[in-house]
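Listed below, chain by chain, are the residues.
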Amino acid sequence: MTQLNKEDTFLSLEDVSISYEIDEKKSYKAIENVDFQIKQFERLVLLGPSGCGKSSLLKAIGGFIKPSHGSIKLRQKIISKPGLDRAFVFQEFDQLLAWKTVLENVLFALSATKKIDKKDATIKAKEFLKKVNLSSFKNNYPHQLSGGMKMRVAIARCLAIGAEVILMDEPFASLDAITRKKMQDDLLELWKDTKFTMLFVTHSIDEAIKLGSKIIIFGTNPSQILKQIDVNEFTSKDEISSIMHKNQTEYFI
Ligand SMILES: Nc1ncnc2c1ncn2[C@@H]1O[C@H](COP(=O)(O)OP(=O)(O)OP(=O)(O)O)[C@@H](O)[C@H]1O
């Protein structure tokens, strides 16, 4: 993958390592020397086997954990804590409040920012629900929505409060194959409609090729980048699979 120039770089990781303290003397390195940059509105997929540190990296980009080495920058500014410009969307979109309607869910997030009065918040919430094609469902409760609709509300809520980066940690992992495919299609549609920078973690090569404009393949032992791929019509499952299997084999011999 080519190095981006400064003006094009939206999110950058420079020599990032993440360690967890096991006890006073021992620590465990979950991620080692990770470097990459992406442009705004990229759909970046982090792909790799269990335990390679994908979630740790997402949490560090979210500002929930600090890298033990290196820096993470958004718009050239170092990320040191969570912020409204980055938002997590969780599995099955369970973060929606079951006792609030679609509109109230978006309003609740907006009022929590304490940056907007009620009248403007209502205008903004309706505007974002329109963007995600849910205006006619604004008075429905989450249990009255399909999975794809819940995802749309969850993402509308993030975008309404000013999130520019949507962080998704295996959001479709627990779904059956048919529902998963539908949710992937919905997510791509939603991205086309609203445009946001997406960081998506998965174990699935098929999902990575379908959703990503870029894929970063992680290996284990040590957990670092094996390859960065710009996805195009020639990107093949076999190529990615062989990179991942080679690393696993090397790990086990
Ligand atoms: N809070 C923690 N304290 C100690 N070790 C941790 C902590 N969180 C994660 N780890 C370890 O760091 C490594 C990377 O974990 P992480 O969850 O980031 O991997 P992952 O690639 O997302 O895995 P999975 O695909 O199974 O979710 C694992 O070995 C894990 O056990």
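Calculation criteria
- Here the residue numbers are simple positions, counted from 1 along each chain's written sequence.
- With the structure being a predicted model, the display of local features is reserved for residues of pLDDT at least 70 and the display and counting of side-chain atom pairs for 80 or more, all residues being used for whole-chain, interface and lining totals.
- Water and hydrogen atoms were dropped before computing side-chain values, which therefore reflect all heavy atoms in the structure.
- Numbering of helices and strands starts at the N terminus; helices are DSSP runs of H or I of at least 4 residues and strands are runs of E of at least 2.
- Take the residue count of a helix, subtract one, and multiply by 1.5 Å to get its expected span.
- When a residue's accessible area, from a 1.4 Å probe over protein chains only, is under 20% of the maximum for its type it is buried; when over 50% it is exposed; and in between it is partly exposed.
- Any two residues having at least one pair of non-hydrogen atoms within 4.5 Å are treated as being in contact.
- Any residue with at least one heavy atom within 4 Å of a molecule or strand is counted as near it.
- For the purposes of these results, a polar contact is taken to be a pair of N or O atoms within 3.5 Å, where, inside protein, one atom must be able to donate a hydrogen and its partner to accept one; residues adjacent in sequence count only when each atom of the pair is a side-chain atom.
- For the accessible areas, the method is Shrake-Rupley and the probe is 1.4 Å, while residue cover comes only from the protein chains on display.
- Nonpolar residues are Ala, Val, Leu, Ile, Met, Phe, Trp, Tyr, Cys and Pro. Charged residues are Asp, Glu, Lys and Arg, and all others, Gly as well, are polar.
- Here, strands pair whenever DSSP counts at least two bridges between them.
- Handedness is read with the strands pointing away from the viewer; a crossover is right-handed when the path from the first strand over the helix to the second is clockwise.
- Side-chain rings of Phe, Tyr and Trp, where Trp is taken by its six-membered ring, are said to pair if the distance between their centres is within 6.5 Å; with planes under 30 degrees apart they count as stacked, over 60 as edge-to-face, and otherwise as tilted.
- Any Lys NZ or Arg CZ found within 6 Å of a ring centre and within 35 degrees of that ring's normal is scored as a charge over the ring.
- In these notes, a set of buried Ala, Val, Leu, Ile, Met, Phe, Trp, Tyr and Cys residues joined through side-chain atoms within 4.5 Å is what counts as a nonpolar core.

Peer 1: Quick question: what am I supposed to make of helix H4 (residues 147–160) here?
Peer 2: Over its 14 residues, H4 runs 20 Å from end to end, which matches the ideal 20 Å to within 8%, given 1.5 Å per residue. Burial analysis of H4 places 12 of its 14 residues in the buried class, the great majority of the element. Looking only at H4, the buried set comprises Gly148, Met149, Met151, Arg152, Val153, Ala154, Ile155, Ala156, Arg157, Cys158, Leu159 and Ala160. Tucked inside the fold, the buried residues of H4 contact strand E6 (86–89), helix H2 (102–112), helix H3 (118–131), strand E7 (165–169) and helix H5 (177–194).

Peer 1: How should the site of the ligand be read in this particular structure?
Peer 2: Taken together, 13 residues are adjacent to the ligand, and Ser50, Gly51, Lys54, Ser55 and Ser56 come closest. Take Ser50: an N or O atom from its side chain is 2.5 Å from an oxygen atom of the ligand. A distance of 2.9 Å separates an oxygen atom of the ligand from a polar side-chain atom of His203. Expressed as a share of its isolated accessible area of 630 Å², the protein-covered part of the ligand is 63%. Mapped onto the shell around the ligand, the elements with two or more residues apiece are strand E2 (27–38) and helix H1 (54–62). Each residue belonging to the shell around the ligand can be placed in one class, and the counts come to five nonpolar, six polar and two charged.

Peer 1: Even after reading the chapter, I still don't get the pairing of strand E8 (residues 197–202), so can you show me in this structure?
Peer 2: Regular strands place side chains that alternate from one sheet face to the opposite one. Burial within E8 is extensive, with six of its six residues counted as buried. Burial along E8 is two-sided: Thr197, Leu199 and Val201 facing one way and Met198, Phe200 and Thr202 facing the other are all buried. Bridge analysis of strand E3 (residues 43–47) against E8 gives five bridges, and the strand direction is parallel. Bridge pairing links Leu46 to Val201 in E8. Bridge analysis of E7 against E8 gives five bridges, and the strand direction is parallel. Paired with Met168 across the strands is Phe200, a residue of E8. Read as a crossover between parallel neighbours, the route from E7 over H5 to E8 is right-handed.

Peer 1: I keep staring at H2 and nothing clicks. Help me out?
Peer 2: In an α-helix there are 3.6 residues to a turn, and that puts residues three or four apart on one side. Listed as buried for H2 are Val102, Leu103, Asn105, Val106, Leu107, Ala109 and Leu110. Along its buried surface, H2 packs onto H3 and H4. Positive backbone phi, at 55°, marks Lys114, one or two positions downstream of H2.

Peer 1: Quick question: what am I supposed to make of the packing of aromatic side chains here?
Peer 2: Any aromatic ring pair is given by two values, namely how distant the centres are and how the planes are angled relative to each other. All told, the structure shown has two aromatic pairs when counted by the stated rule. Relative to Phe88, the ring of Phe64 has its centre 5.7 Å away and its plane inclined at 55°; by these criteria the two rings are tilted. Note that Phe64 is positioned in the loop between H1 and strand E4 (69–74) and Phe88 in strand E6, a separation of 24 residues in sequence. Summarising the aromatic geometry, the rings of Phe172 and Phe200 are spaced 5.6 Å apart at their centres and angled 55° between planes, so their arrangement reads as tilted. Taken together, the residues Phe172 in the loop between E7 and H5 and Phe200 in strand E8 connect sequence positions 28 residues apart. Here Phe200 falls in the buried class, since its relative accessible area comes to 0%. Against the face of Trp191 rests Arg43, its NZ or CZ located 4.4 Å from the ring centre.

Peer 1: Just to check I follow, could you spell out unusual backbone geometry for this structure?
Peer 2: Comment: phi is negative for the bulk of residues other than glycine, and the bulk of peptide bonds are trans. Although it is not a glycine, Phe41 sits at a positive phi angle of roughly 70°. Note that Phe41 resides in the loop between E2 and E3. Phi is positive for Lys195, close to 55°, though the residue is something other than glycine. As for its placement among the helices and strands, Lys195 is situated in the loop between H5 and E8.

Peer 1: Sorry, what's going on with the nonpolar core here?
Peer 2: Generally speaking, a soluble globular protein has its nonpolar side chains buried in company with each other. Core analysis: the largest hydrophobic core is formed by 47 residues, its most contacted members being Ile155, Met168, Leu187 and Phe196. Among the elements that line this core, the one with the most residues is H4, at nine residues.

Peer 1: I keep staring at the pairing of strand E9 (residues 214–219) and nothing clicks. Help me out?
Peer 2: For E9, the tally of buried residues reaches six of six residues, placing the bulk of the element in the interior. Neither face of E9 is exposed, since Lys214, Ile216 and Phe218 on one face and Ile215, Ile217 and Gly219 on the opposite face are all buried. Taken together, the four bridges between E3 and E9 define a ladder with parallel strand orientation. The residue bridging Val45 from the neighbouring strand is Ile215, located in E9. Two elements, E9 and strand E10 (residues 224–230), share six bridges in a ladder whose sense is antiparallel. Pairing of Phe218 across the sheet is with Ile225, part of E10. In textbook terms, the turn of a hairpin is the stretch between consecutive antiparallel strands, and for E9 and E10 this stretch comprises four residues, one of which, Asn221, has a positive phi near 50°.

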